[in-house]
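Report on the structure
Given next are the chains, with one letter for each unit.
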Amino acid sequence: MNTALLVIDVQESFRHRPYFDASALPAYMADQNALIDGCLAQGIPVVRILHSDGPETPDNPFSHASGHVRPMAELSVFDPSASFVKRRHSALVGTGLDVWLTEHGIRRLIVSGIRTEQCCETTTRHASDLGWEVDYVTDATLTFDMTQPDGSPLPAAEIKARTATVLQGRFCTLTSVAEALARAGAAA
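Residues numbered from 1 in each chain as written. Predicted model: local features only at pLDDT ≥ 70, side-chain atom pairs only at ≥ 80, totals over all residues. Heavy atoms only, no water.

Some words on the overall build of the chain
Stated formally: Helix and strand definitions here come from DSSP, where helices need a minimum of 4 consecutive H or I residues and strands a minimum of 2 consecutive E residues; each element is numbered from the N-terminal end. Throughout, radius of gyration means the C-alpha value; the globule benchmark is 2.2 Å times the number of residues raised to the power 0.38. The contact rule is simple, with two residues in contact once any of their heavy atoms fall within 4.5 Å. Per-residue accessibility takes into account occlusion by the displayed protein chains alone, with areas from the Shrake-Rupley method and a 1.4 Å probe. Counted as positive: Lys and Arg. Counted as negative: Asp and Glu. His and the chain ends are not counted at all. Lys charges are placed at NZ, Arg charges at CZ, Asp charges at CG and Glu charges at CD.
From N to C terminus, the chain includes 5 helices and 8 strands. Listed N to C, the secondary structure of the chain is β-α-β-β-α-β-α-β-β-β-α-β-α in terms of helices and strands. For a compact globule of 188 residues, the expected C-alpha radius of gyration is about 16 Å, and the chain comes in at 16 Å, within 12% of that figure. The dimensions of the chain, computed from C-alpha atoms along their principal axes, are 45 × 35 × 30 Å. For the chain, restricting intrachain contacts to residue pairs at least 6 apart in sequence, the fraction spanning at least 24 positions comes to 77%. With the model as given, the accessible surface of the chain reaches about 8,300 Å², and the carbon-plus-sulfur share is 54%. Of the side-chain charges in the chain, 15 are positive and 22 negative, and the distance between the mean point of each set is 3 Å.

Topic: the nonpolar core
The cut-off we apply is this: Put simply, buried Ala, Val, Leu, Ile, Met, Phe, Trp, Tyr and Cys residues joined by side-chain atoms within 4.5 Å make one nonpolar core. Burial classes follow relative accessibility: with a 1.4 Å probe on protein chains only, a residue under 20% of its type's maximum area counts as buried, one over 50% as exposed, and anything between as partly exposed.
Membership of the largest hydrophobic core comes to 27 residues, with the highest contact counts inside it found for L5, V10, L35, C39, M72, I110 and I114. Taken together, the elements giving at least two residues each to this core come down to β1 (3-8), α1 (25-42), β4 (108-114), β5 (133-142) and α5 (177-187). No other element matches the 6 residues that α1 contributes to this core. Excluding its chain neighbours within four sequence positions, the residues that come into contact with I110 are T3, A4, L5, L6, L35, C39, D135, V137, A180 and A184. Within the second largest apolar cluster, 24 residues are counted, among which are I49, W100, V111 and F171.

Some details on the packing of helix α3 (residues 116-129) against helix α4 (residues 156-167)
Stated precisely, the cut-off is as follows: For helices, the fitted axis covers only the stretch in contact; all axes are lines through C-alpha atoms, and the angles between them, taken along N-to-C directions, range from 0 to 180 degrees. Orientation is classified from the angle alone, with under 35 degrees giving roughly parallel, over 145 giving roughly antiparallel, 65 to 115 giving roughly perpendicular, and any other angle giving oblique. Ten residues, namely Ala, Val, Leu, Ile, Met, Phe, Trp, Tyr, Cys and Pro, are considered nonpolar, four, namely Asp, Glu, Lys and Arg, are considered charged, and the remaining ones, Gly among them, are considered polar.
At their nearest, the axes of α3 and α4 sit 11 Å apart, and the two run at 10° to each other. Comparing their axes, α4 and α3 come out roughly parallel. Contacts between α3 and α4 involve T116, E117, E121, T124 and R125 on the former and, on the latter, I159, K160, R162, T163, V166 and L167. Of the residues that constitute the contact of α3 with α4, the class distribution is 3 nonpolar, 3 polar and 5 charged.

Side note on α1
Basically, it comes down to this: Residue count minus one, scaled by 1.5 Å, sets the expected span of a helix.
Over its 18 residues, α1 runs 25 Å from end to end, which matches the ideal 26 Å to within 8%, given 1.5 Å per residue. By the burial criterion, the buried members of α1 are L25, Y28, M29, Q32, N33, L35, I36, G38 and C39. Each element contacted by the buried residues of α1 is listed here: β1, β2 (46-51), β4, β5 and α5. Directly beyond the C-terminal end of α1, a positive phi value near 80° is found at G43.

Describing the pairing of β1
Short version of the rule: We treat two strands as partners when DSSP finds at least two bridges between them. Here the term right-handed applies to a crossover when the path leading from its first strand over the helix to its second strand runs clockwise, the strands being oriented away from the viewer.
The buried count for β1 comes to 6 of 6 residues, which makes it a mostly enclosed element. In this structure, β1 lies alongside β4, joined through 6 bridges in parallel fashion. Bridge pairing in β4 places I8 opposite G113. With 4 bridges connecting them, β1 and β2 associate as parallel partners. Bridging across to β2, L6 finds its partner in V47. Handedness of the crossover is the feature at issue here: the chain leaves β1, passes through α1, returns alongside β2, and the resulting connection is right-handed.

Digging into the sheet that holds β1
Strand order in the open sheet made by the 6 strands is β3-β2-β1-β4-β5-β8, with parallel pairing throughout. Both edges of this open sheet fall to β3 (82-86) and β8 (173-175), since each of them pairs with a single strand only. Between one strand and the next, the sheet's axes are offset by a mean angle of 25°, whatever the strand orientation. Contacts from α3 reach β1, β3, β4 and β5 within the one sheet, and its direction differs from that of β5 by about 175°. Along the sheet, α4 makes contact with β5 and β8, crossing β5 at roughly 175°.

See below:
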């Protein structure tokens, strides 16, 4: 198998941020879990990546001391082929993920997780620049509304559309869950 699924930052930490909005969570989790389950059924390695940074204090939801640096409750339960904890936006910075992927002959990555425009997009760009082929499953990513520098709102749907626009054809192939699974099966 030359493909691996990256499940990036699908962790309880986000529920404890002021911007967290659970309205898109059910649809996202349905797609994320379908992607995980489909990969497992095909024997595709599923890699769990969690994020930890900031002060190591109980009030920081991204610190291990908070107890929130763990998979979200709605996420499918699975035994990851490998697990990494990152401290930067790209899952390929300082984690050893690149070494693991190379040692296991992985040439294609399927990217999924939280947040669409941050860790998922950054990992996609970085992986592409390092030579991996990347399938980016937009529906299996989640983000939240933001405020633009001028104070106007930027809805999550627009962030996802922008991310898809700038990544497609330059850094990845945009796929649905079904397309990512079909492409991975064809590449096996």
